[in-house]
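A closer look at the structure
This is what each chain is made of:
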Amino acid sequence: MSSTIESVLQETRAFPPPEAFVKQANISGMAAYEAMCNEAERDFEGFWARLARENLLWHKPFTRILDESNAPFFKWFEDGELNASYNCLDRHLKTQPDKIAIVFEADDGKVTHVTYRQLYEKVCQFANGLKKRGIAKGDRVLIYMPMSVEAIVAMQACARIGATHSVVFGGFSAKSVQERIVDAGAVAVITADGQFRGGKEIPLKPAIDEALAMGGCEAIKSVVVYKRTGTSIPMTAPRDAWWSDVVAGQPTDCEPTWVGAEHPLFILYTSGSTGKPKGVQHSTGGYLLHAMITMKWVFDIKPKDIFWCTADVGWVTGHTYIAYGPLAVGTTQVVFEGVPTYPDAGRFWKMIQDHKVNIFYTAPTAIRSLIKAGGDLPKNYDLKSLRILGSVGEPINPEAWRWYYETVGGSRCPIVDTWWQTETGGHMITPLPGVHALKPGSCQAPLPGVIADIVDETGHSVGNGKGGILVIKKPWPSMIRTIWGDPERFKKSYFPEDFQGKYYLAGDGATKDEKGNITIMGRIDDVLNVSGHRLGTMEIESALVSNSKLVAEAAVVGRPDDLTGEAVVAFVVTKGPRPSGEEAKAMANELRAWVAKEIGSIAKPKDIRFGDNLPKTRSGKIMRRLLRSIAKGEAITQDVSTLENPAILDQLKQNL
Ligand code: 6R9
């Protein structure tokens, strides 16, 4: 594969949008884009205020736009009042009640349609049920659900009553759930008995029981369980209740709870450079605004479009581009329970064909695995409905880009390579389908109103043709408001003193080419990107070291991986003698299972190496750069003269 990658990397063609596409686009042509950028430059606040008035339905209009008085704790539209669920559902009741909101395809292929009116009624009933169970405005509710209509209903119902949800991906362990319940101070959990993925049944509720038994979760007074698999599970009365009982007899209307624009709509945990995940807190008004405008600008959404984002609602992509954005703009979207390779690697293409999907949004890791599992399969399906393709989560290598463009998109569909983060709330840097000539592998240009730049360590712009640190120089409405319960860490992580606390530090390195196109080079902190999932190396190290029976010390680094982008490599010093041969293999497996239990399967190290020690300087610092070279299998060219014990390098080079 690497030789093809090289040949494509030299690909210098640009892919301009077809004339006909430009004509119909919501942002039509470069002049239109530049006019919007200029408007934002001329009157930054006026620009965002105009969009907020045009897109959102306000219960009480805002009079203040941006409040910078307590920077970097910025506030947007603060004195305005609205409700996110009202903005996603009620607004469609008069205009398009019978339009399909969700086409749900289950793992086994069963399809269910839910109209906007039906979704509204489900959300209202569940919201009433939550209220009856004592959940109120400001409460935090943890959601641990399979991909389902009910997961969306749960999020929307929380929003409707002003409760702040915190969705935890179903692949995370009981321990991770417990930590998040404690950190968020949650009072209720919404979960399911289990889920189906790839023909297999995976339990969910047992992890909740386990988490709640760990202690620190005494505030949880209610656990609502949606029955998905029907496998019998223990229910603890009166704490646990079935979803069907919670909604039984509840009215199908529920007056929305109006909240201030800054009211926390949700907290979503993500990995940072230290061991403890960060609870990224988002607002209601600014967040929803960005979800809506990016649906219109980036996905060029039109009333008849069928939209499909393949993310899980446990990630930010599933929040903005499943649970909120598509509903707020009234689109029909596909929601999928299963995995791309079941029953075979043609599943995505069959679903695009069956549901006549127009806009398809997925991750490079899925694209790469589908190329590997069946690069010719898309040709067996009718994919002519496709109009736009999207990519998110990690850099897309030009090889995967070209396959996506040609084989999936028939060389007809613009690819929007959208750079953004849990913290940014929505797309930030991306080509626009009716504006930019595409450059494979590059996210190219910031959205109007997003003031992105690449700077050096002193905060000076590097200019075209150079690389540096990606920053956002002005606040934007959907930005992270704080780290839940840790404002100091928020300031330190995102508005560091290096830049006088003025710029938002994204944590990514990037380059600008001669034309100013931005290309992301990857994280500059200790965060890995495995299959588009963010994992902190420190988080995995702490998980390993918490196995005090086996592990004395551990260091974790990333290594490039053809399929997953990056792979986790762990270097471990054991408590007992260094294992070798079969014993080492068995111990590596035991440690992998341990990490899966501590964090979740996605964090399992692909490769574990054992050494009598780790390479350290005489002052005791682990030389991670050396470990990265060893992990990659590179020759060591670094100076090792400051190493305490150079002999251990040979031990660590040994693959099991
Ligand atoms: C939405 C999401 C954020 C990190 C980000 C960056 C990487 C995301 C990318 C991309 C290159 C893209 N990333 N999109 N890198 N090109 N189009 O993924 O959020 O899980 O918080 O991850 O993902 O490194 O900093 P999140």
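Note that the structure is predicted; figures quoted are calculated from it, not measured. (Residues numbered from 1 in each chain as written. Predicted model: local features only at pLDDT ≥ 70, side-chain atom pairs only at ≥ 80, totals over all residues. Heavy atoms only, no water.)

**Regarding the overall build of the chain**
This is how it is decided: Where helices and strands are cited, they refer to DSSP runs of H or I of at least four residues and of E of at least two residues respectively, numbered from the N terminus. We compute the radius of gyration from the C-alpha atoms alone; for a globule the expected value is 2.2 Å times N to the 0.38, where N is the number of residues. With a 1.4 Å probe rolled over the protein chains alone, any residue whose accessible area is under 20% of its type maximum counts as buried; one over 50% counts as exposed, and the rest are partly exposed. The contact definition used throughout considers only heavy atoms, calling two residues in contact when any of these lie within 4.5 Å.
Across its full length, the chain holds 20 helices and 30 strands. For the chain, the C-alpha radius of gyration of 24 Å lies close to 26 Å, the compact-globule estimate for 656 residues. Principal-axis analysis of the C-alpha atoms gives the chain an extent of 75 × 65 × 60 Å. Out of the 656 residues in the chain, the part that is buried amounts to 61%. Considering only contacts in the chain between residues 6 or more positions apart, those separated by 24 or more positions represent 71%.

**Here we look at the packing of aromatic side chains**
The condition that has to hold: Two rings from Phe, Tyr or Trp (for Trp, the six-membered ring) form a pair when their centres sit within 6.5 Å of each other. Planes less than 30 degrees apart are called stacked, planes more than 60 degrees apart edge-to-face, and all others tilted.
Under the counting rule described, the total for this entry stands at 40 aromatic pairs. Between Phe-169 and Phe-172, the ring centres sit 6.1 Å apart and the planes meet at 90°, which makes this aromatic pair edge-to-face. A ring pair is formed by Trp-349 and Trp-403, whose centres lie 5.9 Å apart and whose planes are at 65°; its orientation type is edge-to-face. Of this pair, Trp-349 sits in helix α13 (residues 347–355) while Trp-403 sits in helix α15 (residues 398–408); the two residues are 54 residues apart in sequence, bridging distant segments of the chain.

**Some details on the UniProt feature "binding site: CoA" (unreviewed entry) in the chain**
The test is simple: UniProt positions are given in the numbering used here, feature names are shortened, and annotations may be inferred rather than shown by experiment.
Mapped onto the present numbering, the UniProt feature "binding site: CoA" (unreviewed entry) falls on Arg-197, Gly-198, Gly-199, Lys-200, Thr-317 and Ser-531. Of the residues just listed, which span 335 residues, the most distant C-alpha pair is 24.5 Å apart, and they do not cluster in one region. Counting through the fold element by element, Arg-197 comes out in strand β9 (residues 194–197). Once residues lying within four places of it in the same chain are set aside, the contact partners of Arg-197 are Asp-107, Ile-202, Asp-312, Glu-337, Gly-338 and Val-339. Following the sequence through the fold, Gly-198 ends up in the loop between β9 and β10 (200–203). In this structure Gly-198 comes out as buried when scored by relative accessible area, which is 18%.

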